[in-house]
Amino acid sequence: MKMVAIIVEHVDPKDNFIIVEFKKDPTKQHFIVYINEPWQKRMRKYDSYILTVKWRSIVMDDVSGNKTYDTQLFTDAHPVPGEELFDKRRIRN
């Protein structure tokens, strides 16, 4: 599924994820999206991207032995910035 996202937190060189807000999310939630070497791909805070997102569910046992589920978002391709999505907050006069 392709989704438009804005990176909302600084990308650390040692991280393998970005924190994004999806443009069409009315609740403005922040999500962690796993991606290989986002720093090397020059992904930065306030950049907008069209991401091809994949979901992966992890089943774990909690402390009482009951199953619990965690859904993780992944993108495996280098996101391509959309020209029409350029964030005006990055323009400096």
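Look up a bit, the structure's there.
The numbers attached to residues start from 1 for each chain and follow its sequence in the written order. Where local features are concerned, this predicted model is filtered to residues with pLDDT of at least 70; where side-chain atom pairs are given and counted, the filter is 80 or more; whole-chain, interface and lining totals use all residues. Neither water nor hydrogens contribute to the side-chain values; these are computed over all heavy atoms in the structure.

What's the story with the packing of aromatic side chains in this structure? I'm lost.
For any pair of aromatic rings, the description consists of the separation of the ring centres together with the inter-plane angle of the planes. A pair of aromatic rings is counted whenever rings of Phe, Tyr or Trp (Trp by its six-membered ring) have centres within 6.5 Å, and the orientation is called stacked for planes under 30 degrees apart, edge-to-face for over 60 and tilted otherwise. Across all of its chains, the model carries three aromatic pairs by this definition. Where Phe-17 meets Tyr-34, the ring centres are 6.3 Å apart and the plane angle is 70 degrees; that geometry is what we call edge-to-face. Remark: Tyr-34 occurs in strand β3 (residues 31–34) and Phe-17 occurs in strand β2 (residues 17–22); sequence separation between them is 17 residues. Throughout, exposure labels follow a simple rule: accessible area from a 1.4 Å probe, protein chains only, divided by the maximum for the residue type, with under 20% read as buried, over 50% as exposed, and the rest as partly exposed. Its relative accessible area of 23% is what places Phe-17 among the partly exposed residues. Residues Phe-22 and Phe-31 carry aromatic rings whose centres are separated by 5.5 Å and whose planes lie at 50 degrees to one another, so their mutual orientation is tilted. With a relative accessible area of 6%, Phe-22 lands in the buried category. Residue class for Phe-31 comes out partly exposed when judged on its relative accessible area of 27%. Secondary structure elements are defined from DSSP: runs of H or I of at least 4 residues count as helices, runs of E of at least 2 residues count as strands, and each element is numbered from the N terminus.

Even after reading the chapter, I still don't get unusual backbone geometry, so can you show me in this structure?
Excluding glycine, a negative phi dihedral is what most residues carry, and trans is how most peptide bonds are arranged. Even without glycine at this site, Glu-37 takes up a positive phi of about 50 degrees. With respect to the secondary-structure elements, Glu-37 resides in the loop between β3 and β4 (48–52). Residues other than glycine seldom take positive phi values, yet Arg-42 does so here, at roughly 60 degrees. Owing to a relative accessible area of 65%, Arg-42 belongs among the exposed residues under this scheme.

Is there a simple way to explain the sheet that holds β4 in this structure?
Strand-to-strand pairing in sheets goes through backbone hydrogen bonds, with the strands running parallel or antiparallel. What makes two strands pair is DSSP finding at least two bridges between them. The strand order β4-β1-β2-β3-β6-β5 describes an open sheet built from six strands, whose pairing is mixed. Unpaired on one side and paired on the other, β4 and β5 (54–61) mark the two borders of the sheet. Recorded for the sheet is a direction-independent mean angle of 50 degrees between the axes of neighbouring strands. In the sheet, β5 pairs with strand β6 (residues 67–74) via eight bridges, with the strands oriented antiparallel. Only the stretch in contact is used when a helix axis is fitted, and all axes are lines through C-alpha atoms; the angle between N-to-C directions ranges over 0 to 180 degrees.

How should the pattern of salt bridges be read in this particular structure?
When the charged atoms of two side chains lie near each other, side chains of opposite charge can form a pair. Should a side-chain nitrogen of Lys or Arg be within 4 Å of a carboxyl oxygen of Asp or Glu, the pair is scored as a salt bridge. Under the definition given, this model contains one salt bridge. In this structure, Asp-12 engages Lys-14 in a salt bridge whose closest nitrogen and oxygen atoms are separated by 3.3 Å. According to the relative accessible area criterion, Asp-12 is partly exposed, its value standing at 27%. Residue Lys-14 is classed as exposed on the basis of its relative accessible area, which comes to 71%.

Can you help me understand the environment of Ser-48 in this one?
Among the structural elements, Ser-48 can be located in strand β4. For Ser-48, a relative accessible area of 7% puts it in the buried group. Taking the C-alpha atoms as reference, Ser-48 lies 9.5 Å from Phe-22; in sequence the two are 26 residues apart.

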